[in-house]
Amino acid sequence: MLKHIVMWKFTDGCGNTKDENVEIARSGLEALPESVPTLKKITFIKNAVECDRNFDALLIVETENEADLEAYKVHPEHQKVAKFIKEVTVNRGAVDFYD
């Protein structure tokens, strides 16, 4: 199983507060398994402890392999959510690994 881990620092934007943007991102991402057949599982975690060094949210995407991950990345429904997230985040980090 390939795991794709992404973390973001969110900001106010698109007429919403930072917390609202985190929840909009959560909603959009958690809906993706219904429309993206290569996804095995998505887990969205919101940071619980306020600290300037912490990221605000973490996403764990599970697919079978790199081809399935790439299919997820280019899927139109994912692209819609990713576009929004790019507009309301100021930092991103990612790690991919096989488990």
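Residues numbered from 1 in each chain as written. Predicted model: local features only at pLDDT ≥ 70, side-chain atom pairs only at ≥ 80, totals over all residues. Heavy atoms only, no water.

Enquirer: Can you lay out the sheet that holds strand β1 (residues 2-10) for me, pointing to particular residues and giving the numbers?
Expert: Spatial strand order, β2-β3-β1-β4: four strands in an open sheet with antiparallel pairing. Across the chains shown, the open sheet's two edge strands, defined by having one partner strand only, are β2 (41-46) and β4 (89-98). Strand after strand, the sheet turns through a mean of 15° between neighbouring axes, direction not considered. Inspection of the sheet shows β1 paired to strand β3 (residues 57-63) by seven bridges, in the antiparallel sense. When the bridges of β3 are listed, M7 appears paired with L58. Of the strands in this sheet, β1, β2 and β3 are in contact with helix α1 (residues 18-30), which crosses β2 at around 170°. (Pairing = 2+ DSSP bridges. Helix = DSSP H or I, 4+ residues; strand = E, 2+ residues; numbered from the N terminus. Axes fitted to C-alpha atoms, helices over the stretch in contact; angles between N-to-C directions. Contact = heavy atoms within 4.5 Å.)

Enquirer: Account for the nonpolar core, with residues named and values stated.
Expert: W8, L29, L32, L59 and Y72 are the most contacted members of the largest nonpolar core, which totals 21 residues. Per-element tally for this core: the top contributor is β1, with four residues. (Core = buried A, V, L, I, M, F, W, Y, C linked by side-chain atoms within 4.5 Å. Buried < 20%, exposed > 50% of the residue type's maximum accessible area, 1.4 Å probe, protein only.)

Enquirer: Could you give an account of the layout of surface pockets, naming the residues involved and the relevant values?
Expert: For the largest pocket, the calculated volume is near 290 Å³. The wall of the largest pocket is formed by 14 residues, among which W8, H78, A82, K86 and R92 lie closest to the centre. Only β1, α2 (66-74), α3 (76-87) and β4 provide two or more residues apiece to the lining of the largest pocket. It is α3 that provides the largest number of residues to the lining of the largest pocket, a total of five residues. Among the residues making up the lining of the largest pocket, the classes are represented as seven nonpolar, four polar and three charged. (1 Å grid on protein atoms, 1.4 Å probe; cavity = no way out; pocket = protein on both sides within 12 Å on 5 of 7 lines; lining within 4 Å. Points joined across faces, edges and corners; volume = space filled by probe spheres on them. Nonpolar A, V, L, I, M, F, W, Y, C, P; charged D, E, K, R; others polar.)

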